[in-house]
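One-letter residues, chain by chain:
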Amino acid sequence: MDNSYDLIVIGSGPGGYTAAIRGAQLGFHTAIVEKYETLGGTCTNVGCIPSKALLDSTELLEGINLKAAKAGIEVEGVKVDFNRMIERKKQVVKLNTDGLNYLMKKNKITVLRGTASFRDPHSIVLTAPGAEDQVYSSTYFIIATGSKPSTIPGVTIDKKRIISSTEALSLTIKPSSLIVIGGGVIGVELASVYQRIGVKVTIVEYSDRLLPAMDKELGKELEKLLKRKGIGIFTSSKVLSATANEESVDVSYLDKEGKTITLNGEYCLVAVGRKPYTTGLGLSNTRILTDQAGRVMVDDKLQTAEENIYAIGDVIRGVMLAHKAEDEAVMVLDNLKGMKHPINYLRIPNVVYTWPEVAGVGYTEDELIAAGTPYNKGKFPFIASAKARAADDTDGFLKVLTDPKYGEVLGVQIISARAADLIAQAVLSMDFEITDNELAKISYAHPTFSEAFKDAYLISSGRGAINL
Ligand code: FAD
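Residues numbered from 1 in each chain as written. Predicted model: local features only at pLDDT ≥ 70, side-chain atom pairs only at ≥ 80, totals over all residues. Heavy atoms only, no water.

Student: Would you explain the sheet that holds strand β11 (residues 232–234) in this entry?
Tutor: Within a beta sheet, neighbouring strands are joined by backbone hydrogen bonds and run either parallel or antiparallel to one another. What the five strands build is an open sheet, ordered β8-β15-β9-β10-β11; its pairing is parallel. What marks the edges here is a single partner per strand, and that holds for β8 (162–163) and β11. Where β8 lies against strand β15 (residues 267–270), two bridges are found, and the strand directions are parallel. If you follow I163 over to β15, its bridge partner there is L269. (Pairing = 2+ DSSP bridges. Helix = DSSP H or I, 4+ residues; strand = E, 2+ residues; numbered from the N terminus.)

Student: What's the story with helix α8 (residues 322–336) in this structure? I'm lost.
Tutor: Three or four residues apart is the spacing at which side chains of an α-helix point the same way, because the helix has 3.6 residues per turn. Its 15 residues give α8 an end-to-end C-alpha distance of 22 Å, which sits within 8% of 21 Å, the value for a rise of 1.5 Å per residue. Of all 15 residues in α8, eleven are buried; the element is thus mostly enclosed. Every buried residue belonging to α8 is among A322, K324, A325, E328, A329, V330, M331, V332, L333, D334 and L336, and all of these are buried. On its buried face, α8 sits against β1 (4–10), α1 (14–25), α2 (41–46), α3 (48–68), β6 (134–143) and β17 (309–311). Backbone geometry just downstream of α8 places G338 in the positive-phi region, at approximately 80°. (Expected span 1.5 Å × (residues − 1). Buried < 20%, exposed > 50% of the residue type's maximum accessible area, 1.4 Å probe, protein only. Contact = heavy atoms within 4.5 Å.)

Student: I'm lost on the site of the ligand in this one. Help?
Tutor: Taken together, 39 residues surround the ligand, and among them E34, T42, K52, D314 and A322 come closest. P14 has a polar backbone atom sitting 3.5 Å from an oxygen atom of the ligand. E34 has a polar side-chain atom sitting 2.6 Å from an oxygen atom of the ligand. Expressed as a share of its isolated accessible area of 990 Å², the protein-covered part of the ligand is 95%. Among the elements of the structure, α1, β2 (30–34), α2, α3, β4 (115–120) and α8 are those that each provide at least two residues to the shell around the ligand. Residue contributions to the shell around the ligand peak at four residues, all from α2. Across the shell around the ligand, the residue classes tally to 17 nonpolar, 17 polar and five charged. (Near = heavy atom within 4 Å. Polar contact = N/O pair within 3.5 Å; in protein donor to acceptor, adjacent residues only side chain to side chain. Areas by Shrake-Rupley, 256 points an atom, 1.4 Å probe, with all protein chains shown as cover. Nonpolar A, V, L, I, M, F, W, Y, C, P; charged D, E, K, R; others polar.)

The values reported here are purely geometric and, on their own, carry no functional implication.
In structure tokens:
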């Protein structure tokens, strides 16, 4: 058997599978290594896809509970079959992993099952349970080994009562209560899933607001809206410990006033972030370095200290997002083939799939203020949108931040129904440097959520909104 390739990709998450497909398309004889039973990595198996399946199911329920009667639709006997919901989530994941198997075959990519460990910069040892170790060599390697859930001092994830997102996506019995440590993206999304099916949910967040990595106004607005739905939210609160017994967990935290408060819940979800994953990768057999946070160090081309080894996705610096990993995968391969493909990290959108959804791209208002950058602001509340009123989805706002001199879009921050899709237009506008003046002149279908952009750009360019 010939064990040599042009390209071996280690890890089959969105970074890895995209790299393998792009590599094969560009003519590289390619293999992908995955130690997990299915392809797709965190995103497909225990991240983006299963969480969105549960968010979509529960969004439907929320629509029935909160909007149907108002819309003149009487629905009786609404019940949640938690098992069926989890079953559907599994099916959705399977459709996606099956799709990846198909794509590997279609692109003639060899799938190697097992854990890859560098033997030297040009070869890996593949270890798989019940099989003899195999050595594979390659001209190029791409490390796409992703990340794992992390925790904080005083809190140990036991995967029984004190759980990570992975377990929270696969509970078999609907819990009565859930304490979520961390009000970032994963925390608020899973808090929403469980609150919607009737679980008593409490979020304890260290920062002074939810979604601390995003524009301040977004987190504040989301906090107001999630509280209105019944989620208990404690910000500026530092978790000290989580202690589990057979039936429940005690979570102690220091509140705003410095008082120690203890909450009891059936489960405690630890959603305080993720750490890069390089365990067992054999980096010490190469010159590759990791930084203090454990991330594989790369240059602008995502090349490591070994010139034939690149790294992408969650295992390197930058936001931990599936599309960032995918973009980096294509960039590395294009560059290897001499096609210039830079990434502007400022134009990678950040999306939170709560309801309303939250999305942002470019600079936040807080960043512009801190940097002393002058800006114009056009803010449009969805209460003034005809479409939002028709859809009974008037919560939230859209905010554009533009350069006062040239009208370039510096940032767009949205909290609203469909924000996840709306943000695409903002990315495009920024990437092609369209001015607020021009963006206010193009035609937006009426009535749509997207026409909120028109009013926002009319305001930021100094002409005044039509609908406010
Ligand atoms: P991963 O997807 O983590 O894949 C790495 C793979 O490498 C794994 O399958 C692992 O088993 C394998 N591996 C590791 N070491 C080895 C080895 N030595 N040998 C062989 N295989 C190895 N992002 C979004 O953009 N949108 C979302 O909606 C979203 N939702 C999320 C929800 C949750 C609950 C979570 C946890 C994450 C979410 N993310 C989301 C983040 C997203 O999942 C990650 O950013 C993305 O998966 C990173 O892709 P990756 O290819 O770098 O690594």
